[in-house]
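Below are the chains, spelled out letter by letter.
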Amino acid sequence: MNKPIATPSRTKEILAKHDMFAKKNYGQNFLVDAGVVEKIARDAMVSDHCVAIEIGPGIGALTQYLCEYAKKVISFEIDERLPSVLADTLSEYDNFTLVMEDFLNIDLKSYVEQYTAQGYDVVIAANLPYYITTPILFKIFESNAPVSAITVMMQKEVADRFHASVNTKEYNALSIVTQYRCHVKNVMKVPKNVFMPKPNVDSAVLQFTFKEKDASINEEAFFELVKGCFKQRRKTILNNFGEYLGDKTKAKEVLQHAGVDEKRRAESLTIDEFKHLYEVCIHEN
Ligand code: SAM
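Residues numbered from 1 in each chain as written. Predicted model: local features only at pLDDT ≥ 70, side-chain atom pairs only at ≥ 80, totals over all residues.

A few words on the overall build of the chain. For the chain, the count of helices and strands is 12 helices and nine strands. Along the longest, intermediate and shortest principal axes, the C-alpha atoms of the chain span 70 × 40 × 30 Å. Buried residues in the chain amount to 39% of all 285 residues. Here the analysis covers contacts within the chain between residues at least 6 apart in sequence; of these, 66% occur between residues at least 24 apart. (Helix = DSSP H or I, 4+ residues; strand = E, 2+ residues; numbered from the N terminus. Buried ≥ 20, exposed ≤ 12 C-beta atoms within 10 Å, placed from the backbone. Contact = placed C-beta atoms within 7 Å.)

Spelled out as structure tokens, the structure:
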């Protein structure tokens, strides 16, 4: 491998050579710590037979390591200044493909199935553009694409909500919707000083792997119920659930049958309790 791209001096050199600067509106904070980049790339590979999909290669800091470890790397980017930079920084790799498309608009399932059909594990890895972390993750979650693992860096505050436990201030509808679908592993915390430019907040790397689907649950309806129960955090479950059903008497009855004390708040209910509440609710309607 050539010199790592993810160092302060090399990043400055590449930016100067290509007359580039980081664009804030594209969420560009380049990683300048090779140790962090290497760990993300290594942890992203769930087997030695992986194709990696990357969101936002930037100048290639993480891509370089993905190319070392994966059979093939497909990176999606929207900044038109970057193809010529990447052609330079990743010139030593013939397993790299750049696709100039907004990740939010691609047909992810087709991309993934193209490689799973050939027997590869497809993984997703990225230092995400922070302004669209949640839309990107939900696009992946909702795509039904057979992805083996999603290993991504995001703002620590957002990461804390994705893997929050019950009865904490971070636990909300997003935590439940995510943990209903995925196992969430905290890979590492990352301080803000390993980025150029330096963001205002620390980051964290999480890894998501899909759980088996529960065929008895209509996900859309279940998620609506969960969101309804969290609508006003300080209200009791009875008040929020009553508003969601549009019938407080019915809500009282369902809660009683589900064995949930009406004075509790949504943040105290585990995912299994929410599932049970959903099942009782469906059964009684
Ligand atoms: N991977 C590089 C690194 O770690 O240094 C750059 C990460 S930077 C936080 C995010 C990258 O995502 C930028 O290169 C940005 O241009 C790109 N990006 C922003 N929005 C995007 C989108 N909708 N689809 C694809 N790439 C996007």
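Count 3.6 residues to each turn of an α-helix, and residues three or four apart come out pointing the same way. Summarising burial for helix 3 (residues 61-69): seven of the nine residues are buried, a large majority. Residues of helix 3 that are buried make contact with strand 1 (30-31), helix 2 (34-44), strand 2 (50-55), strand 3 (72-76), strand 4 (96-99) and strand 5 (121-127).

Reading across the sheet, the seven strands line up as 4-3-2-5-6-9-7 and stay open at both edges, with mixed pairing between neighbours. Sheet topology places strand 4 and strand 7 (182-190) at the edges, where each strand pairs with a single neighbour. Neighbour to neighbour, the strand axes of the sheet diverge by 20 degrees on average, direction disregarded. Of the strand pairs in this sheet, strand 2 and strand 3 are connected by five bridges, and their pairing is parallel. (Pairing = 2+ DSSP bridges. Axes fitted to C-alpha atoms, helices over the stretch in contact; angles between N-to-C directions.)

Okay, the UniProt feature "domain: Ribosomal RNA adenine methylase transferase N-terminal" (unreviewed entry) in the chain next. As annotated by UniProt and renumbered to match this structure, "domain: Ribosomal RNA adenine methylase transferase N-terminal" (unreviewed entry) occupies residues 36-212. Summarising residues 36-212: 34% helix, 27% strand, and an end-to-end C-alpha distance of 31 Å. (UniProt positions renumbered as here; feature names shortened; annotations may be inferred.)

Take the pairing of strand 9 (residues 203-210) next. By the criterion of burial, strand 9 is predominantly enclosed, with six of the eight residues buried. As defined by bridge partners, strand 6 (residues 149-155) adjoins strand 9 across six bridges and the pair is classed as antiparallel. Looking across to strand 9, one finds that Ile150 is bridged to Phe208. Sheet analysis places strand 7 next to strand 9, joined by eight bridges and oriented antiparallel. By the bridge assignment for strand 9, Lys185 is matched with Gln207.

This part is about the site of the ligand. Taken together, 22 residues form the shell around the ligand, and within it Tyr26, Gly56, Gly58, Asn127 and Pro129 come nearest. Here the shell around the ligand is composed, by residue class, of 13 nonpolar, six polar and three charged. (Near = placed C-beta within 6 Å. Nonpolar A, V, L, I, M, F, W, Y, C, P; charged D, E, K, R; others polar.)

As a further point, take the packing of helix 10 (residues 237-245) against helix 11 (residues 248-258). Taken N-terminus to C-terminus, the directions of helix 10 and helix 11 make an angle of 120 degrees; their axes are 8 Å apart at the nearest point. In terms of orientation, helix 10 lies oblique with respect to helix 11. Relative to helix 11, helix 10 is oriented so that their crossing is right-handed. Between helix 10 and helix 11, the contacting residues are Ile237, Leu238, Phe241, Gly242 and Leu245 on the first element and Lys248, Lys250, Ala251, Lys252 and Leu255 on the second. For the contact of helix 10 with helix 11, the class distribution of residues is six nonpolar, one polar and three charged. (Parallel < 35°, antiparallel > 145°, perpendicular 65-115°, else oblique. Left-handed = near helix turned anticlockwise from the far one by under 90°.)

Turning to the confidence of the model for the chain, a few remarks are in order. Per-chain confidence: the chain averages 96 in pLDDT, with 100% of residues scoring 70 or above. Across the predicted assembly, pTM comes out at 0.93 and ipTM at 0.99. (pLDDT = per-residue confidence, 0-100.)

Moving on to the UniProt feature "binding site: S-adenosyl-L-methionine" (unreviewed entry) in the chain. On the UniProt side, "binding site: S-adenosyl-L-methionine" (unreviewed entry) is annotated at positions that read Asn29, Leu31, Gly56, Glu77, Asp102 and Asn127 here. Structurally, Asn29 can be placed in the loop between helix 1 (8-17) and strand 1. The contacts of Asn29, once residues within four sequence positions are left out, are Ala22, Phe195, Pro197 and Pro199. Position of Asp102 relative to the elements: it lies in the loop between strand 4 and helix 5 (108-116). Here Asp102 falls in the exposed class, since 11 other C-beta atoms lie within 10 Å of it.

As a further point, take the domain arrangement of the chain. Partitioning the chain into structural domains gives domain 1 (8-210) and domain 2 (219-284). Measuring from the centre of the C-alpha atoms in domain 1 to the corresponding centre in domain 2 gives 35 Å. Listed as interface residues are nine residues of domain 1 and, on the opposing side, nine residues of domain 2. (Domains from an automatic or database assignment.)

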